[in-house]
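# Coordinate analysis (summary)
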Amino acid sequence: MREERVVAQEPARGENELETSLRPQVLGEFIGQPLLQERLRISIEAAAKMGSPMGHVLFSGPPGLGKTSMAGVIANELGVRMRRTSGPALDRPGDLASILSGLEKGEVFFVDELHRLSRMVEEVLYPAMEDYQLDIVVGKGVGATTYRLNLEPFTLVGATTRLGMISSPLRDRFQIIERFDYYTSEELLEIVIRSAGILGVGITATGAETIATRSRGTARVANRLLARVRDYAIARADGKVTARVANQALSLLEVDELGLDKVDRAILESVVRKFGGGPVGLSTLAIVVGEEPETVEEAYEPFLLQAGLLQRTPRGRMATEGTYLHLGLAPPADPQLRLV
């Protein structure tokens, strides 16, 4: 039998440091997105040489691909602090004004879920992004007075999974717009090995490969699966993650060879078995699988579409030939079904 070499093993850190410790701190630690990294590196170096804030940045793409981590990397590379919030948290213009007025020169202001900003807050953001100024209204009615407050120059980094929901006026105020793509198996393998080293997990090359291939092209999923497999290895094996241990753990977690979990398969099986392959509306499908429509659309559909296991049509969601094959079923003789 082939001997498995341990490729990563370092002292463990405290569990309360888990999420922070796995995030890359500088571009040299960030794995994947090579062209995006190079373009950002140029912008960062140019800002440093000019002694001015980096242009505002907008990141888009499915969840878990590193948008938040890259915002932190930008701040670290620029040598400044990052202030972080989310679109839903900024429900009043005063909330935004309070944060912006407290920023120091060159700092990074990161807003996650940017597409969920209210229109009132968004309008306050326009002059802040363009001129580093805030318009503050004091009083009400005919006696109201508008004052303009000067802000320290800053860099806004926004992240969204729904680029189409961001208004054109807001999108046009970003100088840098980048999309994160799914990771390759090779990149995910590097991520798993790096994270295993940080977590102090003994892992073999084949064990890391088993986790990487089931990570749905997503760094966050890779790290989450690694942590779950580590727990299984400690509780049910000798603590080392081999291919056998990883397969046993992932089988227990109901993660199949493509990385699909219980909900993914429920979506596919519902489309095929309950709706004859589709089309079926998003809301109806979400009710059947017991999830919110936004969760299905943002957390599950992107990978199913990418893997060719689901089609999104004007009439609704439909199965593909690959859907039937993955479920071990014979595809119907329908010319609309294609093996994607």
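Residues numbered from 1 in each chain as written. Predicted model: local features only at pLDDT ≥ 70, side-chain atom pairs only at ≥ 80, totals over all residues. Heavy atoms only, no water.

The helix and strand tally for the protein stands at 14 helices and 12 strands. By principal-axis analysis of the C-alpha atoms, the protein measures approximately 75 × 50 × 35 Å. Burial analysis of the protein (340 residues in total) assigns 47% to the buried set. Of the contacts made within the protein by residues no fewer than 6 positions apart, 68% connect residues no fewer than 24 positions apart. When the accessible surface of the protein is summed, it comes to about 17,100 Å², and 49% of that surface belongs to carbon and sulfur atoms. Positive and negative charge centroids in the protein, built from 39 and 45 side chains respectively, lie 2 Å apart. (Helix = DSSP H or I, 4+ residues; strand = E, 2+ residues; numbered from the N terminus. Buried < 20%, exposed > 50% of the residue type's maximum accessible area, 1.4 Å probe, protein only. Contact = heavy atoms within 4.5 Å. Areas by Shrake-Rupley, 256 points an atom, 1.4 Å probe, with all protein chains shown as cover. Lys, Arg positive; Asp, Glu negative; His and termini not counted. Charge placed at Lys NZ, Arg CZ, Asp CG, Glu CD.)

Summing up the model confidence of the protein, the mean pLDDT is 89 and the portion of residues at 70 or higher is 90%. Within the protein, the lowest mean pLDDT, 42, falls on strand β1 (residues 6–8), and the highest, 98, falls on strand β2 (residues 57–60). (pLDDT = per-residue confidence, 0-100.)

With respect to the secondary-structure elements, Lys67 resides in helix α3 (residues 67–78). Leaving out residues up to four positions away in the same chain, Lys67 has contacts with Phe59, Ser60, Gly61, Pro62, Phe110, Ala159, Thr160, Thr161 and Phe180.

To continue, consider helix α13 (residues 293–306). In this model, α13 (14 residues) spans 19 Å end to end at C-alpha, consistent with the 20 Å of a helix rising 1.5 Å per residue. The largest bend in α13 amounts to roughly 50° and is located at Tyr300, with the proline Pro302 lying one to four residues further along. What α13 keeps buried is the set Val296, Tyr300, Glu301, Pro302, Phe303 and Leu304. Buried residues along α13 sit in contact with α11 (262–274), α12 (282–289), β11 (311–313) and β12 (316–318). (Expected span 1.5 Å × (residues − 1). Bend = angle between axes of the 7 residues up to and from the residue.)

Our focus in this paragraph is the nonpolar core. By size, the foremost hydrophobic cluster in this structure holds 70 residues, and its most contacted members are Leu40, Met70 and Ile211. With eight residues, the single largest contributor to this core is helix α9 (residues 219–236). Of all hydrophobic cores here, the second largest spans 24 residues; its members include Leu114, Leu125, Tyr126 and Ala128. (Core = buried A, V, L, I, M, F, W, Y, C linked by side-chain atoms within 4.5 Å.)

Right, let's talk about the packing of aromatic side chains for a bit. Within the structure shown, the criterion is met by four aromatic pairs. With a centroid separation of 6.5 Å and 65° between ring planes, the pair formed by Phe30 and Phe180 is classed as edge-to-face. Of this pair, Phe30 sits in the loop between α1 (18–22) and α2 (34–50) while Phe180 sits in the loop between β8 (176–179) and α7 (185–199), and the two are 150 residues apart along the sequence. An angle of 70° between the planes, with centres 6.1 Å apart, marks the rings of Tyr182 and Phe303 as edge-to-face. Linking Tyr182 in the loop between β8 and α7 with Phe303 in helix α13, this pair joins segments that are 121 residues apart in sequence. (Phe/Tyr/Trp six-rings, centres within 6.5 Å; stacked < 30°, edge-to-face > 60°.)

What follows concerns the side chain of Arg317. Relative to the helices and strands, Arg317 resides in strand β12. For Arg317, a relative accessible area of 9% translates into the label buried. Reaching out from Arg317, the side chain makes a polar contact with the side chain of Glu301 at a distance of 2.5 Å. Those residues within four positions of Arg317 in sequence are excluded, and the remaining contacts are Val271, Gly277, Gly278, Pro279, Val280, Leu282, Leu285, Glu297, Glu301, Leu310, Gln311 and Arg312. (Polar contact = N/O pair within 3.5 Å; in protein donor to acceptor, adjacent residues only side chain to side chain.)

With burial as the criterion, only one face of β8 is covered, namely that bearing Ile176 and Glu178; the residues Ile177 and Arg179 on the opposite face remain uncovered. Pairing geometry for β2 and β8, over four bridges, is parallel. Note that in β8 the partner of Ser60 across the bridge is Arg179. (Pairing = 2+ DSSP bridges.)

Take α11 next. Over its 13 residues, α11 extends 17 Å from the first C-alpha to the last, a length consistent with the 18 Å expected when each residue adds 1.5 Å. All buried positions along α11 are accounted for by Val263, Asp264, Arg265, Ile267, Leu268, Ser270, Val271 and Val272. Phi turns positive, to about 60°, at Gly276, one or two residues after α11.

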